[in-house]
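# A closer look at the structure
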Amino acid sequence: DTEVTQTPKHLVMGMTNKKSLKCEQHMGHRAMYWYKQKAKKPPELMFVYSYEKLSINESVPSRFSPECPNSSLLNLHLHALQPEDSALYLCASSPRLTSGGISGDTQYFGPGTRLTVL
Amino acid sequence: GNSVTQMEGPVTLSEEAFLTINCTYTATGYPSLFWYVQYPGEGLQLLLKATKADDKGSNKGFEATYRKETTSFHLEKGSVQVSDSAVYFCALIPGQTSGSRLTFGEGTQLTVNP
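Residues numbered from 1 in each chain as written. Chains lettered and ligands numbered in written order. Predicted model: local features only at pLDDT ≥ 70, side-chain atom pairs only at ≥ 80, totals over all residues. Heavy atoms only, no water.

## Here's the deal with the overall build of chain A
Just so we agree on the cut-off: Helix and strand assignments follow DSSP, with helices taken as H or I runs no shorter than four residues and strands as E runs no shorter than two, numbered in order from the N terminus. Only the C-alpha atoms count toward the radius of gyration. The rule for a globule is 2.2 Å times the residue count to the power 0.38. Relative accessibility decides the category of a residue: with a 1.4 Å probe and only protein chains considered, values under 20% of the type maximum give buried, values over 50% give exposed, and everything between is partly exposed. We call two residues in contact when some of their heavy atoms are within 4.5 Å. Shrake-Rupley sampling with a 1.4 Å probe provides the accessible areas, and residues are treated as covered by the protein chains on show and by no other component. Two residue types count as positive, namely Lys and Arg, and two as negative, namely Asp and Glu; His and chain ends fall outside the count. To locate a charge, take atom NZ for lysine, CZ for arginine, CG for aspartate or CD for glutamate.
For chain A, the count of helices and strands is zero helices and 11 strands. Of the regular secondary structure in chain A, the N- to C-terminal order runs β-β-β-β-β-β-β-β-β-β-β. Computed over the C-alpha atoms, the radius of gyration of chain A is 14 Å, within 12% of the 13 Å expected from 2.2 N^0.38 for a compact globule of 118 residues. With the principal axes as the frame, chain A shows a C-alpha extent of 40 × 30 × 25 Å. Residues counted as buried form 50% of the 118 residues belonging to chain A. Summarising the internal contacts of chain A: among those between residues at least 6 apart in sequence, 56% fall at separations of at least 24. Carbon and sulfur atoms make up 50% of the accessible area of chain A, which amounts to about 5,500 Å² in all. Separation of charge centres in chain A, based on 13 positive and 10 negative side chains, amounts to 5 Å.

What follows is the structure, encoded as structure tokens:
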């Protein structure tokens, strides 16, 4: 089973709201990722967690706050977002962070959360 | 740096036509190569992958061969269906750096008409 689940599927929020996106996997993967995807573009990496610790932050604004409470769960807390933050937010997981050439690198994506900021 | 260049779309084909989507890459070492597919309104699904030169990845009738001499990983399917209409992303993970950082191409929109 290579399933990554994300909730909610759709989210509409005002610029003063606080909301959270949730991602879950039960494949025993120890690396988890958040991506942002704008229409007709490839995903852009935001954050990477390895063994529940933040490994990469791609200079993402502080209005996005990731959290990895355990090895199966990844959250993205949203506060004071801007309309330009409207996008599809994708979660992914992989067995671990390693160098390339082995299956540990393969990332499996969830269905995404479609976020609209009004 | 690492980069992936994909054939520009959109690509429009009739059902049962032959599909080729070109993908070339620039990377240090021996990257792992991937094709992901994104159906309308959905997330990315791994379609196939190859981790070393001359490997052929295949799934659902799609194939791609890792060609190190031409730094290419072209996606092919012998007979497309309407249900193959989607955006296809070629991607790589570098071979000599840790972090599993995926580098994507810009994506190719495929539309298959009945």
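What follows picks up the thread again.
## A few points about the confidence of the model for chain A
To be explicit about the condition: Each residue carries a pLDDT value, the predictor's own confidence for that position, ranging from 0 to 100.
Here chain A averages 91 in pLDDT, and 92% of its residues register 70 or above. pLDDT under 50 marks residues 99–103 of chain A. Its contacts with residues more than four places away, or in other chains, come to 16 contacts.

## Some thoughts on the pattern of salt bridges
To be explicit about the condition: For this analysis, a salt bridge means a side-chain nitrogen from Lys or Arg found within 4 Å of a carboxyl oxygen belonging to Asp or Glu.
Scanning the entire structure with this criterion turns up seven salt bridges over all chains. When the shortest N-O distance is used, the salt bridge between A:Lys22 and A:Glu24 registers 3.9 Å. We classify A:Lys22 as partly exposed; its relative accessible area is 36%. Note on A:Glu24: relative accessible area 25%, which makes it partly exposed. Ionic pairing is found between B:Glu106 and A:Lys41, a salt bridge with its closest N-O pair at 3.6 Å.

## Re the state of the cysteines
The line we're drawing: Cysteine sulfur pairs qualify as disulfides if the two atoms are within 2.5 Å.
Inspection of the entire model under this criterion finds two disulfides over all chains. Sulfur-sulfur distance for the disulfide between A:Cys23 and A:Cys91 comes to 1.9 Å. Measuring handedness by torsion sign, the sulfur bridge of A:Cys23 and A:Cys91 sits at about -70 degrees and is left-handed. Here the residue A:Cys23 occupies a position in strand E3 (residues 18–25), and A:Cys91 occupies one in strand E9 (residues 87–94), the gap between them amounting to 68 residues. Classification of A:Cys23 as buried rests on a relative accessible area of 0%. Here B:Cys23 connects covalently by a disulfide to B:Cys90, the sulfurs 2.0 Å from one another. Handedness of the B:Cys23-B:Cys90 disulfide follows from its S-S torsion of about -70 degrees: it is left-handed. Separated by 67 residues along the polypeptide, B:Cys23 in strand E4 (residues 23–26) and B:Cys90 in strand E10 (residues 86–93) bring together distant segments of the chain. Here B:Cys23 and B:Cys90 have matching classes, each one buried. Lacking any disulfide linkage, A:Cys68 is separated from the closest cysteine sulfur, that of A:Cys23, by 9.2 Å.

## Quick word on the nonpolar core
Soluble, globular proteins show a tendency: their nonpolar side chains are buried together. Heads up, the rule is: For our purposes a nonpolar core is just a set of buried Ala, Val, Leu, Ile, Met, Phe, Trp, Tyr and Cys residues, chained together by side-chain atoms within 4.5 Å.
By size, the foremost hydrophobic cluster in this structure holds 26 residues, and its most contacted members are B:Trp35, B:Leu47, B:Leu48, B:Phe73, B:Leu75 and B:Tyr88. Among the elements of the structure, strand E2 (11–14), strand E3 (19–21), E4, strand E5 (32–38), strand E6 (44–50), strand E8 (62–65), E10 and strand E12 (108–113) of chain B are those that each provide at least two residues to this core. Counting residues per element, this core draws most heavily on E10(B), at four residues. Sequence-distant contacts of B:Leu75, that is, excluding residues within four places in its chain, are made with B:Leu19, B:Thr20, B:Ile21, B:Trp35, B:Leu47, B:Leu48, B:Phe62, B:Glu63, B:Ala64 and B:Tyr88. In terms of nonpolar packing, the next biggest core, distinct from the first, is built from 24 residues, A:Met13, A:Leu74, A:Ala87 and A:Leu115 among them.

## Let's talk about the sheet that holds strand E9 (residues 75–77) of chain B
All names here are of chain B. Going by this rule: Two strands pair if DSSP finds at least two bridges between them. To obtain an axis, a line is fitted to C-alpha atoms, over the contacting stretch when the element is a helix, and the angle between two such axes runs from 0 to 180 degrees between their N-to-C directions.
Pairing within the open sheet is antiparallel, and its four strands lie in the order E3-E9-E8-E7. Bordering the open sheet on either side are E3 and strand E7 (56–59), each of which pairs with just one other strand. Along the sheet, successive strands turn relative to each other by an average axial angle of 15 degrees, direction set aside. As judged from the three bridges shared by E3 and E9, these two strands associate in the antiparallel manner. The residue of E9 that forms the bridge with Leu19 is Lys77.

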